[in-house]
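Residue-level structure breakdown
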Amino acid sequence: MNNSQQRGVDRPRARGTDRSLARRAELIAIGRKLFADTSYDALSMDDIARQAHVAKGLIYYYFKSKRGYYLAIVEDSVADLVSRAAGGLELPPVERVHRTIDGYLRYAEHNQAAYRTIITGGVGFDTEVQAIREGVREVIVETIAEGAYGRRKIAPLPRMALLGWLYSVEGATLDWIGHPILPRDTMRELLVKMLGGAMRAVEELDPSYPAPPDARRDA
């Protein structure tokens, strides 16, 4: 992720006690649910404080502003998603791809409010939030590329194919957690096969990026 993501905007001052850290984490957990169900502009600080059952000053104390609070929620959610999806580095490449997609779906399934916050947000076009989202997508694309091609940095063509696939994954996953008709295993295999199709298309256009054996129709 870029420096602005690592730094954050309006990042609160560090609080040294376990109680303070626990309180901050609790406020972020509450915020995940609030911003998943209501747009950023529709929630005032008074609304947030009332629904969180805390004094408004406490939110200002930890996060300085509503925007600081929102960005802390997004960054916290992003850290969880990236940790879940980008793990499994010890696995063989093909298994790593499956592990990445499965981890992504498990996170969305069990953290629906946080996932919606990451993907849809509530600020509109905010450059800092957009940078955070793009950073997440870049990590996921690089993780898939490493599993499929053995390297994280790839040419523009395969990168565009993986990015297009990921956008379709985001839309399909949002629909899936809202209407969980398909089992997670079926959903994972569907996304894996969609990825295979994207990789075969890349190979047709650029043979220097051959599709992994498991992505071939004759495998």
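The shown structure was predicted, so the numbers you read here are calculated from the model rather than taken from an experiment. (Residues numbered from 1 in each chain as written. Predicted model: local features only at pLDDT ≥ 70, side-chain atom pairs only at ≥ 80, totals over all residues. Heavy atoms only, no water.)

**Structural notes on the pattern of salt bridges**
We count it as follows: Here a salt bridge means any side-chain nitrogen of Lys or Arg lying within 4 Å of a carboxyl oxygen belonging to Asp or Glu. Only DSSP runs of H or I reaching four residues or more are called helices, and only runs of E reaching two or more are called strands; each is numbered from the N terminus. Any residue under 20% of the maximum accessible area for its type is buried, any over 50% is exposed, and the rest in between are partly exposed; the area is computed with a 1.4 Å probe on protein chains only.
One pass over the structure, following the stated rule, counts 15 salt bridges. Where arginine 32 meets aspartate 76, a salt bridge forms, and the shortest distance between an N and an O atom there is 2.8 Å. With arginine 32 in helix α2 (residues 18-37) and aspartate 76 in helix α5 (residues 66-85), this pair connects stretches of sequence that are 44 residues apart. On the accessibility criterion, aspartate 76 (31% relative accessible area) is partly exposed. Aspartate 102 is the salt-bridge partner of arginine 184, the closest N and O atoms lying 3.7 Å from each other. Here arginine 184, found in helix α10 (residues 184-205), pairs with aspartate 102, found in helix α6 (residues 93-110); they are 82 residues apart in sequence, far enough to count as distant. On the basis of relative accessibility, which here comes to 13%, the residue aspartate 102 falls in the buried class.

**A look at the nonpolar core**
The condition is simple: Among buried residues, those of type Ala, Val, Leu, Ile, Met, Phe, Trp, Tyr and Cys that are joined through side-chain atoms within 4.5 Å constitute a nonpolar core. Any two residues whose heavy atoms approach within 4.5 Å at even a single point are treated as in contact.
In terms of nonpolar packing, the biggest core is built from 60 residues, with Ile101 and Ile144 touching the most fellow members. Once residues within four sequence positions are removed from consideration, isoleucine 144 is found in contact with Val97, Thr100, Ile101, Leu162, Trp165, Leu195 and Met199.

**Details of the packing of aromatic side chains**
What characterises a pair of aromatic rings is the spacing of the ring centres plus the angle enclosed by the ring planes. Test applied: Two rings from Phe, Tyr or Trp (for Trp, the six-membered ring) form a pair when their centres sit within 6.5 Å of each other. Planes less than 30 degrees apart are called stacked, planes more than 60 degrees apart edge-to-face, and all others tilted.
A complete count under the given rule lists five aromatic pairs for this structure. Note on tyrosine 149 and tyrosine 209: the rings are 5.2 Å apart at their centroids and 90 degrees apart in plane angle, and the pair reads as edge-to-face. One end of the pair, tyrosine 149, is in helix α8 (residues 127-149); the other, tyrosine 209, is in the segment after α10, with 60 residues separating them in the sequence. Here the two residues tyrosine 149 and tyrosine 209 agree in accessibility, since each one is buried.

**A closer look at the packing of helix α9 (residues 156-178) against α10**
Two quantities define a packed helix pair, namely the angle between the axes and the distance from one axis to the other. Rule in force here: Axes here refer to lines fitted to C-alpha atoms; in helices the fit is confined to the stretch in contact. Angles between the N-to-C directions go from 0 to 180 degrees. In what follows, roughly perpendicular refers to angles from 65 to 115 degrees, roughly parallel to angles under 35, roughly antiparallel to angles over 145, and oblique to any angle outside these ranges. Here a crossing is taken to be left-handed if its near helix is turned anticlockwise relative to the far helix by less than a right angle, and right-handed if that turn runs clockwise. Residues are grouped as follows: Ala, Val, Leu, Ile, Met, Phe, Trp, Tyr, Cys and Pro are nonpolar; Asp, Glu, Lys and Arg are charged; every other residue, Gly included, is polar.
Put simply, α9 and α10 touch, their axes get as near as 10 Å, and they point 160 degrees apart. Between α9 and α10, the crossing angle belongs to the class labelled roughly antiparallel. α9 and α10 meet at a crossing whose hand is right-handed. Here Leu157, Pro158, Ala161, Leu162, Trp165, Ser168, Val169, Ala172, Thr173 and Trp176 of α9 lie close against α10, whose contacting residues are Arg184, Met187, Leu191, Met194, Leu195, Ala198, Met199, Val202 and Leu205. Its residues assigned to classes, the contact of α9 with α10 shows 16 nonpolar, two polar and one charged.

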